[in-house]
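Architecture at a glance
For reference, the chains in residue letters:
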Amino acid sequence: MLNPILITGAAGFIGFHTAKKLLESGLSVVGIDNMNDYYDVQLKEDRLNLLSTYDNFEFVKLDISDRAAMENLWQGHGPFTKVIHLAAQAGVRYSLQNPYDYISSNIMGHLVILEMCRHTKGFEHLVYASSSSVYGKNKKLPYSVDDPVDHPISLYAATKKSDELISHSYSHLYGIPQTGLRFFTVYGPWGRPDMAYFIFTKAISEGKKVPVFNNGNMKRDFTYIDDIVDGILLTLERPPVKAGVAAPCRVLNLGNHKSEDLMDFIHEIEDALNKKADIEFKPMQPGDVIETFADVDETIAITGYHPKTTISQGLPIFVEWYKSYCQIGSD
Ligand SMILES: NC(=O)c1ccc[n+]([C@@H]2O[C@H](COP(=O)([O-])OP(=O)(O)OC[C@H]3O[C@@H](n4cnc5c(N)ncnc54)[C@H](O)[C@@H]3O)[C@@H](O)[C@H]2O)c1
């Protein structure tokens, strides 16, 4: 029998979709999450309720930085030879007020995962979430994994870059096959209420002011959730192999390879809602970057990843989900 796949952050946006896809294909998944209240916990519970309808899903509530709890998990539900590690304290702006959460979840939590993998016989692949935010103020576009990323401009970005470094050392020392995926602004149904696309949709549909930073002068490589999940699962099946002295470790971009104007993105939401936005332009926020744009050539070459979804296809799907979820939620 195959070992179950462990997904950390399974009640989160990307973890939920990844778990669902694996469960639909008949594989067994153990999901873990600490269910923190960074955003609406009900949304995390609703995602979990959906996953719990699958017989091949098990959920354990725990914090990945809790070493004893993680050892118990490995003994009771493992061993896990494939791990998709997505649990983290996300968000750039929140890190300005809550720095310790980032070190605890993103650095200590990451180390605990690595220690668990290190002591697992026959360990196959750790795929973990990094972020496009590691590119900081890089000017060269599109962002390539070969570009230097030594100047993070938020603590969140600094923790993600640190994870990549710690991962490399563990691959080198213990031969753990690992891939860090730098996600580029992921959106879609069951998405995160703290992210701009969700905030815009909510404000427009409620007829409230829509805060738009840097006077709308921003560009983002928006990636639809189904493309991200495909990228994660294609990657999981292609672990890096040790080549000579090089550690079995790599970092790949997962983006859409299209940098969209923020205002075009807002117009797509207006069209999907059939309602105009009452925009309030605001200055640039600390820690934010003006543009992101992913070079995905290496990802395509290694995994066969092919992002397919444009914002005019993906945003109406998100908006439809938002409308139905909020109606159910307001009963
Ligand atoms: N969504 C994006 O656009 C995006 C972009 C770049 C990187 N990422 C990264 O992808 C991963 C998943 O992001 P997401 O959008 O699904 O975020 P999310 O916040 O919806 O999911 C993360 C989940 O991890 C859980 N968690 C946090 N700290 C934990 C801890 N210490 N122990 C156990 N569980 C913990 C949270 O409760 C949450 O359910 C994160 O690592 C994030 O940094 C996301």
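First, a word on what this report is: a plain description of the structure on this page. All chains use their own residue numbering, which begins from 1 and follows the written sequence. Per-residue local features of the predicted model are confined to residues with pLDDT of at least 70, and side-chain atom pairs are confined, for both listing and counting, to 80 or more; whole-chain, interface and lining totals are unaffected and use all residues.

This brings us to the overall build of the chain. Numbering goes from the N terminus for both helices and strands, where a helix is a DSSP run of H or I of at least four residues and a strand is a run of E of at least two. A count of helices and strands for the chain gives ten helices and 13 strands. For the chain, the C-alpha radius of gyration of 19 Å lies close to 20 Å, the compact-globule estimate for 331 residues. C-alpha atoms of the chain, sized along the principal axes, occupy 55 × 45 × 40 Å. Buried positions account for 45% of the 331 residues belonging to the chain. Pairs at least 24 residues apart make up 81% of the contacts formed inside the chain by residues separated by at least 6 positions. Two things to know: the radius of gyration comes from C-alpha atoms, and the globule rule equals 2.2 Å times the number of residues to the power 0.38. Residues are called buried when their C-beta atom has 20 or more other C-beta atoms within 10 Å, exposed when it has 12 or fewer, and partly exposed otherwise; all C-beta atoms are positioned from the backbone. Residues are treated as contacting if the C-beta atoms built from their backbones sit within 7 Å of each other.

The strands making up a sheet associate through backbone hydrogen bonding, with each pair oriented either parallel or antiparallel. A pair of strands counts as paired when DSSP detects no fewer than two bridges linking them. In spatial order, the strands read 3-2-1-4-5-6-11; together these seven strands make up an open sheet with parallel pairing. Every other strand in the sheet has two partners, leaving strand 3 (57–61) and strand 11 (249–254) as the edge strands with one partner each. Taking the axes of each pair of neighbouring strands and ignoring which way they run, one obtains an average angle of 20° across the sheet. In the sheet, strand 6 (residues 178–183) pairs with strand 11 via six bridges, with the strands oriented parallel. Pairing of Gln 178 across the sheet is with Cys 249, part of strand 11. All axes are obtained by fitting lines to C-alpha atoms, using only the stretch in contact for helices, and the reported angles, taken between N-to-C directions, cover 0 to 180 degrees.

Between helix 1 (residues 13–24) and helix 7 (residues 225–236), the shortest axis-to-axis distance is 10 Å and the interhelical angle comes to 65°. Crossing of helix 1 against helix 7: the hand is right-handed. Counted together, Ile 14, His 17, Thr 18 and Lys 21 of helix 1 and Ile 225, Ile 228, Val 229, Ile 232 and Leu 233 of helix 7 form the full contact between these two elements. Classification used: nonpolar for Ala, Val, Leu, Ile, Met, Phe, Trp, Tyr, Cys and Pro, charged for Asp, Glu, Lys and Arg, polar for all others including Gly. Across the contact of helix 1 with helix 7, the residue classes tally to six nonpolar, two polar and one charged. Left-handed describes a crossing whose near helix is turned anticlockwise from the far helix by less than a right angle; the clockwise case is right-handed.

The subject of this paragraph is the site of the ligand. Taken together, 27 residues are adjacent to the ligand, and Gly 9, Gly 12, Ala 88, Ser 105 and Ala 129 come closest. Those elements that place two or more of their residues in the shell around the ligand are helix 1, helix 4 (99–118) and strand 5 (125–131). In terms of residue count, the dominant contributor to the shell around the ligand is helix 1 (three residues). For the shell around the ligand, a count of residues per class yields twelve nonpolar, eleven polar and four charged. Each residue gets a C-beta atom placed from its backbone. Should that atom fall within 6 Å of a molecule or strand, the residue is termed near it.

Looking at where Ile 311 falls in the secondary structure, it is placed in helix 10 (residues 311–329). The class for Ile 311 is buried, based on 22 C-beta atoms found within 10 Å. As a C-alpha pair, Ile 311 and Phe 222 span 89 residues in sequence and 7.4 Å in three-dimensional space. If sequence neighbours within four positions are ignored, Ile 311 has contacts with Phe 222, Glu 260, Phe 265 and Glu 268.

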